Amino acid sequence: MRTFKELIASASWHLSDRRQQLYWSLYYLLTDSVLGRHWLSVTEAGLRHYAVGLPRHPGFELIHRANEFSMLHEEVLTLLYHLVAVGRGRVLELGTYIGGATVVMAGAAARRRRSPIIAVEPGGRQQHDTLPSNDILDDLACNLDRFDLRQHALVLPGKSADPAIRQQVQEILGKERIGLLLIDADGSVERDIGLYRGLLAAGAILVLDDYQSSGAPEKTVYIKAWVDAAIARGEVESLGVWGWGTWIGRYRGVT
Ligand SMILES: C[S@@+](CC[C@H](N)C(=O)[O-])C[C@H]1O[C@@H](n2cnc3c(N)ncnc32)[C@H](O)[C@@H]1O
């Protein structure tokens, strides 16, 4: 038999839980809306708050399921959802593997009625410890199909530095520019940013994996060196390091 005090405590807990639910529902509704896109600027503090409410996020199930086949941390996938929802310009992903981040970003594009994302991946096979693939492009297509998102991701099979791929990206963009660039490829971010910087929108958001990583030290050396030097010369502004060491920042342009 519960005491009167216990009943009150449990009722207030439910009430506060309801309030929490209401708060996060409204928060995500507004933050990821057209209003959020035009009135709120992306800040590190804003991103930290956005990530905290993940269990109450309307895309929680999508993010959680995609996380099962992504090499990125769930926190980073959550922020990618937001950055697609509020981004101005197109999304370019270099290095999809079997599509963990691709599914989240395509899902956000579908739900927020944004243009399809552009995703570049050479394919092949990989003997990864926990996420092996015999055919990366086939697994990517299957994962997009599983979530009914095939038409929300334009997959370009090839490498980021292939001139034909660069040309295809430019043709897809037309007069549009890239508002969000996610690079999780072979570690050569300097090469990739050099190739694609002319297609970036003013203030585009960069998401670079392996800024810090114990699993890929060979990539980290180059990525950290590029990011730190770019911050020092004012080319980018840092918006924090997330998850397992993914860096997010704003591109300010070459000064
Ligand atoms: C770490 S995985 C990407 C993981 C993915 N972000 C996720 O959410 O699981 C790196 C991928 O980059 C691809 N890749 C390597 N070099 C590339 C390049 N130059 N251009 C595009 N993709 C590349 C690899 O084939 C591999 O699938």
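None of these values were measured; they are calculated from a predicted model.

Draft legend 1. Up close: the site of the ligand. Within the structure, the ligand sits among 17 residues, and S70, M71, E121, S160 and D184 are positioned closest to it. One of the backbone N or O atoms of A101 is found 3.2 Å from an oxygen atom in the ligand. S160 places a polar main-chain atom, nitrogen or oxygen, 2.9 Å from a nitrogen atom of the ligand. Out of a free accessible area of 600 Å², the ligand has 91% covered by protein chains. Where the shell around the ligand is concerned, the elements lending two or more residues are α6 (100–111) and β2 (117–121).

Draft legend 2. The environment of M71, seen in detail. One can find M71 in the loop between α4 (60–67) and α5 (74–86). The sequence separation of M71 and D184 amounts to 113 residues, and the corresponding C-alpha distance is 9.4 Å. Residues contacting M71, with those up to four places away along its chain left out, are Y97, Q126, H128, L131 and W244.

Draft legend 3. Representation of the nonpolar core. Counting 46 residues, the largest nonpolar core has L80 and I248 as the members making the most contacts within it. Top contributing element to this core by residue count: α5, with eight residues. Other than its neighbours up to four places away in sequence, I248 contacts L47, L79, L83, I205, L206, V207, E237, S238, L239, G240 and W242. In terms of nonpolar packing, the next biggest core, distinct from the first, is built from 27 residues, I165, L206, Y211 and W247 among them.

Definitions and cut-offs
Residues numbered from 1 in each chain as written. Predicted model: local features only at pLDDT ≥ 70, side-chain atom pairs only at ≥ 80, totals over all residues. Heavy atoms only, no water. Near = heavy atom within 4 Å. Polar contact = N/O pair within 3.5 Å; in protein donor to acceptor, adjacent residues only side chain to side chain. Areas by Shrake-Rupley, 256 points an atom, 1.4 Å probe, with all protein chains shown as cover. Helix = DSSP H or I, 4+ residues; strand = E, 2+ residues; numbered from the N terminus. Contact = heavy atoms within 4.5 Å. Core = buried A, V, L, I, M, F, W, Y, C linked by side-chain atoms within 4.5 Å. Buried < 20%, exposed > 50% of the residue type's maximum accessible area, 1.4 Å probe, protein only.

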